[in-house]
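Chains, contacts and geometry: an overview
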Amino acid sequence: QVQLVESGGGSVQTGGSLRLSCEVSGYTSSTIYMAWFRQAPGKEREGVACFYTWFGRRVAYADSVKGRFTISQDNVKGTLYLQMNSLKPEDTAMYYCAIHRANGGGCLDANSVRDWGQGTQVTVSS
């Protein structure tokens, strides 16, 4: 019954911006922790950004996106967002929303994920 649906992907030029959204439904839990992953052809799925709890609410980012991407969540609807600025061709990938069970920065590890969205394609051209 758990469903994660991403939207907002598309094709942009280098330096452009996109905002991805993820709607979650069918998950009964007082608190859920969410993350964004991406996978390019021929590469392993990698964590992009995630929320976790360690002495409070924290955020982890992959080094490759720090300063350019921002993860956020609507406190009312629970919608997850990924604001992507200054996009580069190496950001081209399928982006996935996920619910994870990790604590700490381990939420960037795909092995921490319980549920995946279907993915939304992001393509950045030179």
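Our subject is the structure listed above.
These numbers come from a predicted model, not from an experiment.

**Points about the sheet that holds strand β8 (residues 80–84)**
In space, the 4 strands of this open sheet follow the order β1-β3-β8-β7, with antiparallel pairing throughout. In the strand order of this sheet, the two ends are held by β1 (3–7) and β7 (69–73), each with one partner. Neighbour-to-neighbour, the strand axes of the sheet open up by a mean angle of 15°, direction not taken into account. Looking at chain direction, strand β3 (residues 18–25) and β8 are connected through 5 bridges and run antiparallel. By the bridge assignment for β8, Leu 18 is matched with Met 84.

**So, the state of the cysteines**
In the structure shown here, the tally under the stated rule is 2 disulfides. Between the sulfur of Cys 22 and that of Cys 97 lies a disulfide, 2.0 Å long from S to S. Where Cys 22 bonds to Cys 97 through sulfur, the torsion about that S-S bond is close to -75°, and the disulfide is left-handed. One end of the pair, Cys 22, is in strand β3; the other, Cys 97, is in strand β9 (residues 93–100), and 75 residues separate them in sequence. Here Cys 22 and Cys 97 have matching classes, each one buried. A sulfur-sulfur separation of 1.9 Å characterises the disulfide bridge that pairs Cys 50 with Cys 107. With the S-S bond torsion at 65°, the cross-link from Cys 50 to Cys 107 turns out right-handed. On the criterion of sequence distance, the pair formed by Cys 50 in strand β5 (residues 46–53) and Cys 107 in the loop between β9 and β10 (113–116) is long-range, its members being 57 residues apart. Residue class for Cys 50 comes out buried when judged on its relative accessible area of 0%. Given a relative accessible area of 0%, Cys 107 falls into the buried group.

**Structural notes on the environment of Cys 22**
When its relative accessible area of 0% is taken as the criterion, Cys 22 is described as buried. Along the primary structure Cys 22 and Tyr 96 are separated by 74 residues, whereas in three dimensions their C-alpha atoms are 8.8 Å apart. Once residues lying within four places of it in the same chain are set aside, the contact partners of Cys 22 are Leu 4, Val 5, Glu 6, Met 34, Trp 36, Thr 79, Leu 80 and Cys 97.

Quick notes on the rules
- Residues numbered from 1 in each chain as written.
- Predicted model: local features only at pLDDT ≥ 70, side-chain atom pairs only at ≥ 80, totals over all residues.
- Heavy atoms only, no water.
- Pairing = 2+ DSSP bridges.
- Helix = DSSP H or I, 4+ residues; strand = E, 2+ residues; numbered from the N terminus.
- Axes fitted to C-alpha atoms, helices over the stretch in contact; angles between N-to-C directions.
- Disulfide = S-S within 2.5 Å.
- Buried < 20%, exposed > 50% of the residue type's maximum accessible area, 1.4 Å probe, protein only.
- Contact = heavy atoms within 4.5 Å.

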